[in-house]
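Here is what each chain is made of, one letter per residue.
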Amino acid sequence: MGDLYGKTIVLGVCGGIAAYKAAALTSKLTQAGATVRVIMTKSAVQFVAPLTFQTLSRHHVFVDTFDEKDASVVSHINLADSADLVVIAPATANTIGKLALGLGDDMLSTTLLATMAPVWVAPAMNVHMYANPAVQQNMQTLRSRGVRFIEPGEGQLACGYVGKGRLAEPEEIFATIEQYFGGGSRLKGRHVLVTAGGTVERIDPVRYITNDSSGKMGYAIAEEAVRMGATHVTLVTGPTALSAPAGVELIPVKSALDMRDAVLSRLAANHLIIKAAAVADYRPAAVAEQKMKKKTESLTLELVKNPDILQEIGTLKTEQFVIGFAAETERLDEHALDKLKRKNCDLIVGNDVSQDGAGFSGDTNVVRIFDHNGLVEALPIQSKHLVARRLLELAAERMPRLAHTTGIPS
Ligand code: PMT
């Protein structure tokens, strides 16, 4: 699974306006498969409700040391022992000071004293507080004890000042954590092309044929490829309501023919091609130039077959590793394996789109991944991001080593 999968991260949230950013961090870590146990200081609760973190982490949030929910354990010791990493974000001058002095007067500080896990601190405070010699000295003391700091950014602060003291962005903190657990480099040097969304086949200027694809599966793959350090990620996408993931080159297309051009013209420049898009198999034989009028009792629309882009890739590919998707409503394994062979893919991801939590539109999927020898892995219901992550890991393990590929830019 992902590098964060199964890892326990204890997240300490202190009282500052940046506490809201810790909610985004919790969400990202949870999506990546980590177990996030949140401890809030009493002041943090003034800014964000514990329920926010409880909902995002799906775990009880600790505030009071003496609010022991489970009689079989001592919570702060249990949390301290379970942590693979402790991150304090945002960390106030007060909590940094307590940690430097070895004080333990609340749930967070006692857990920090008890943990053997690495401790990372992401400070957020007023520019003058940050520069204060006492705070700087406390940070120096902590550094000398092996505590790692995620530097605050410079800019407009909530107090009105401009300067250093703004909490690092959740994306940056997440990327640092991910890198620590060994991810963030598995696709280094790789150029990845992903297709997403459904194609739109015009009938006339106001009507078209399309399907239920939201683009979520393909966008998740593109986003995870960036997180795994891919050198370049191209996302060829049909129309969706999603925003472009950071770090991705977005190529918007409409029809299957547009998608074919966009993909085939970039085939030679990519190591890994993943076709998550739901491409229309047929398009209207002719597109009416004007809005079609309601003249007859019935109307027959003539459709012609679209080119099968994946099949063309399968014929043209040289060193590319190619992953197809198979959206099925019956005999999933049989149909998926047939597509894998016919379209000459290296892996195929079968999703039974009639199953709850699988396929079109939702945030989750249930997939069975096959190679030429049969079933590789059956993934139970999980977020499309986790599916994407696992799929990319399987690809990274199986792709030819970079030194052995030629012709594709590095
Ligand atoms: O976008 P979401 O709402 O998140 O939904 C995700 C999804 C259900 C669309 C996705 O998980 C999925 O299954 N994508 C493939 C859908 C599909 O078109 O399946 P298919 O079995 O019809 O096609 C098989 C493969 O051939 C696919 O990789 C498809 O991209 C490709 N194909 C199909 C037809 C065609 N003319 N050209 C193609 O390249």
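All of these numbers come straight from a predicted model, not from anything done at the bench.

## Focus: the side chain of Lys275
Here Lys275 is to be found in strand 13 (residues 272–275). Despite its burial, Lys275 pairs with no opposite charge, the nearest such side chain being Asp308 at 6.5 Å.

## Description of a nonpolar patch on the surface
Together, Ile17, Tyr20 and Phe47 make up a nonpolar patch on the protein surface, roughly 340 Å² of accessible area in all. With respect to the helices and strands, the residue Tyr20 is situated in helix 1 (residues 19–31).

## Structural notes on the site of the ligand
Around the ligand, the structure places 28 residues, and the nearest of them are Ser213, Ser214, Lys339, Asn351 and Ser361. Compared with its free state, where it exposes 770 Å², the ligand has 96% of that area covered by protein. For the ligand, the cavity whose grid points lie within 2 Å of the majority of its atoms is the largest pocket. Where the shell around the ligand is concerned, the elements lending two or more residues are helix 9 (216–227), helix 11 (309–316) and strand 16 (321–328). Broken down by element, the residue count for the shell around the ligand peaks at four residues, all from strand 16. When its residues are assigned to classes, the shell around the ligand shows 13 nonpolar, eight polar and seven charged.

## Describing the packing of aromatic side chains
Summed over the entire model, instances satisfying the criterion amount to two aromatic pairs. Taken together, a centroid distance of 5.1 Å and an interplanar angle of 75° make the contact between Trp120 and Tyr180 edge-to-face. Taken together, the residues Trp120 in strand 4 (residues 119–123) and Tyr180 in helix 8 (residues 170–180) connect sequence positions 60 residues apart. Where Tyr180 meets Phe181, the ring centres are 4.9 Å apart and the plane angle is 75°; that geometry is what we call edge-to-face. Taken together, the aromatic side chains of Trp120, Tyr180 and Phe181 make up a single cluster linked through ring pairs. Over the ring of Phe149 we find Arg143, and its NZ or CZ is 4.9 Å from the ring centre. The ring of Trp120 has Arg148 lying over it, and the distance from NZ or CZ to the ring centre is 4.3 Å.

## Some points on helix 11
Residues lying three or four places apart along an α-helix face the same way, a consequence of the helix completing one turn every 3.6 residues. Where helix 11 is concerned, the buried positions are Ile309, Leu310, Ile313 and Gly314. Here the buried residues of helix 11 occupy an arc of 140° about the axis, which is enough to place them on one side. Among the exposed residues of helix 11, those pointing more than 90 degrees away from its buried face are Thr315 and Leu316. Looking at the buried residues of helix 11, the elements they touch are helix 10 (256–264), strand 13 and strand 16. With a side-chain oxygen positioned 3.2 Å from the backbone nitrogen of Leu310, the residue opening helix 11 is Asp308.

## Quick word on the UniProt feature "domain: DNA/pantothenate metabolism flavoprotein C-terminal" (unreviewed entry) in the chain
Summarizing the sequence annotation, UniProt attributes the feature "domain: DNA/pantothenate metabolism flavoprotein C-terminal" (unreviewed entry) to residues 187–396 in the numbering used throughout. Taken as a whole, residues 187–396 contains 25% helix and 31% strand, while its terminal C-alpha atoms sit 6 Å from one another.

## Notes on the packing of helix 3 (residues 75–82) against helix 5 (residues 107–114)
Two measures define how a pair of helices packs: the angle their axes make with one another and the distance between the axes. Remark: helix 3 packs on helix 5, axes separated minimally by 8 Å, with the N-to-C direction vectors making an angle of 50°. When the interaxial angle is binned, helix 3 and helix 5 end up oblique. As for how helix 3 packs across helix 5, the hand of that crossing is right-handed. Within the contact between the two elements, helix 3 uses Ser75, His76, Ile77, Leu79 and Ala80 and helix 5 uses Met107, Thr110, Thr111 and Ala114. Across the contact of helix 3 with helix 5, the residue classes break down as five nonpolar, four polar and no charged.

## A look at the nonpolar core
Grouped together as the largest cluster of nonpolar side chains are 33 residues, with contacts concentrated most on Ile221, Leu272, Ile323 and Leu391. Those elements that place two or more of their residues in this core are strand 8 (191–196), helix 9, strand 11 (232–237), strand 13, strand 16, strand 17 (347–352), strand 18 (364–371) and helix 13 (384–398). Of all hydrophobic cores here, the second largest spans 32 residues; its members include Ile9, Ala18, Leu25 and Ala44.

## Overview of the packing of helix 4 (residues 93–101) against helix 7 (residues 133–144)
The geometry of helix 4 relative to helix 7 is characterised by a closest axis approach of 9 Å and an angle of 45° between their N-to-C directions. By the angle between their directions, the pair helix 4 and helix 7 is classed as oblique. Note that helix 4 runs across helix 7; the crossing there is left-handed. Residues Ala93, Ile96, Gly97, Leu99 and Ala100 of helix 4 form the contact with helix 7, whose participating residues are Val135, Asn138, Met139, Thr141 and Leu142. A class-by-class count of the residues in the contact of helix 4 with helix 7 yields seven nonpolar, three polar and no charged.

## Some words on the UniProt feature "binding site: CTP" (unreviewed entry) in the chain
Following the UniProt record, one finds the feature "binding site: CTP" (unreviewed entry) at Asp281, Lys291, Pro307, Asp308, Ile309, Leu310, Phe325, Lys339 and Lys343. The greatest C-alpha distance among the annotated residues, which extend across 63 residues, is 37.4 Å, indicating that they are dispersed rather than converging on a single site. From this annotated list, the subset lining the largest pocket comprises Asp281, Pro307, Asp308, Ile309, Leu310, Phe325, Lys339 and Lys343. Here Asp281 is to be found in the loop between strand 13 and strand 14 (282–284). Within the secondary structure layout, Lys343 lies in the loop between helix 12 (332–342) and strand 17. With residues near it in sequence (within four places) discarded, Lys343 still touches Asp308, Leu310, Gln311 and Gly314.

Scoring rules and cut-offs
Here the residue numbering is sequential within each chain, running from 1 through the sequence in written order. Per-residue local features of the predicted model are confined to residues with pLDDT of at least 70, and side-chain atom pairs are confined, for both listing and counting, to 80 or more; whole-chain, interface and lining totals are unaffected and use all residues. Hydrogens and water molecules were not included; the side-chain quantities draw on all heavy atoms of the structure. A run of DSSP states H or I qualifies as a helix once it reaches four residues; a run of E qualifies as a strand once it reaches two. Both are numbered from the N-terminal end. The buried label goes to any residue with under 20% of its type's maximum accessible area, the exposed label to any with over 50%, and the partly exposed label to all in between, with areas taken from a 1.4 Å probe on protein chains only. In this tally, Asp and Glu contribute negative charge and Lys and Arg positive charge; neither His nor the terminal groups of the chain are included. Here, a salt bridge means any side-chain nitrogen of Lys or Arg that lies within 4 Å of a carboxyl oxygen of Asp or Glu. Here, patches come from residues exposed beyond 30% relative accessible area and free of salt bridges, joined within 9 Å for like charges and within 5 Å for nonpolar side chains (Val, Leu, Ile, Met, Phe, Trp, Tyr). Calculation of accessible area relied on Shrake-Rupley with a 1.4 Å probe; when residues are assessed, cover is drawn exclusively from the protein chains displayed. Near residues are defined by distance, with any heavy atom within 4 Å of the molecule or strand qualifying the residue. Using protein atoms alone on a 1 Å grid, points that fit a 1.4 Å probe yet trap it form a cavity, whereas open point sets bounded by protein on both sides within 12 Å along at least five of seven lines form a pocket; residues with an atom within 4 Å of a point count as lining. A pocket or cavity is taken to hold a molecule when more than half of that molecule's atoms are within 2 Å of the pocket's grid points. Three classes are used, and their members are as follows: Ala, Val, Leu, Ile, Met, Phe, Trp, Tyr, Cys and Pro are nonpolar, Asp, Glu, Lys and Arg are charged, and the others, Gly among them, are polar. Between rings of Phe, Tyr and Trp, where Trp is taken as its six-membered ring, a pair exists when centres lie within 6.5 Å; planes separated by under 30 degrees are stacked, by over 60 edge-to-face, and by other angles tilted. Here, over-ring charges are defined by two tests on the NZ atom of lysine or the CZ atom of arginine: distance to the ring centre within 6 Å, and angle to the ring normal within 35 degrees. Throughout, the arc means the angular range of directions from the helix axis out to the C-beta atoms. In what follows, a contact means two residues having at least one pair of non-hydrogen atoms within 4.5 Å. Polar contacts, as counted here, are pairs of nitrogen or oxygen atoms within 3.5 Å of one another; within protein the pair requires one atom able to donate a hydrogen and one able to accept it, and residues that are adjacent in sequence qualify only if both atoms are side-chain atoms. UniProt positions are given in the numbering used here, feature names are shortened, and annotations may be inferred rather than shown by experiment. Helix axes are fitted to C-alpha atoms over the stretch in contact, other axes to C-alpha atoms as well, and angles between N-to-C directions run from 0 to 180 degrees. Each angle is binned into one of four classes, with values under 35 degrees roughly parallel, values over 145 roughly antiparallel, values of 65 to 115 roughly perpendicular, and all other values oblique. The hand of a helix crossing depends on one turn: near helix anticlockwise from the far one by less than a right angle means left-handed, and clockwise means right-handed. The nonpolar core is taken to be a set of buried Ala, Val, Leu, Ile, Met, Phe, Trp, Tyr and Cys residues, with the residues joined through side-chain atoms within 4.5 Å.

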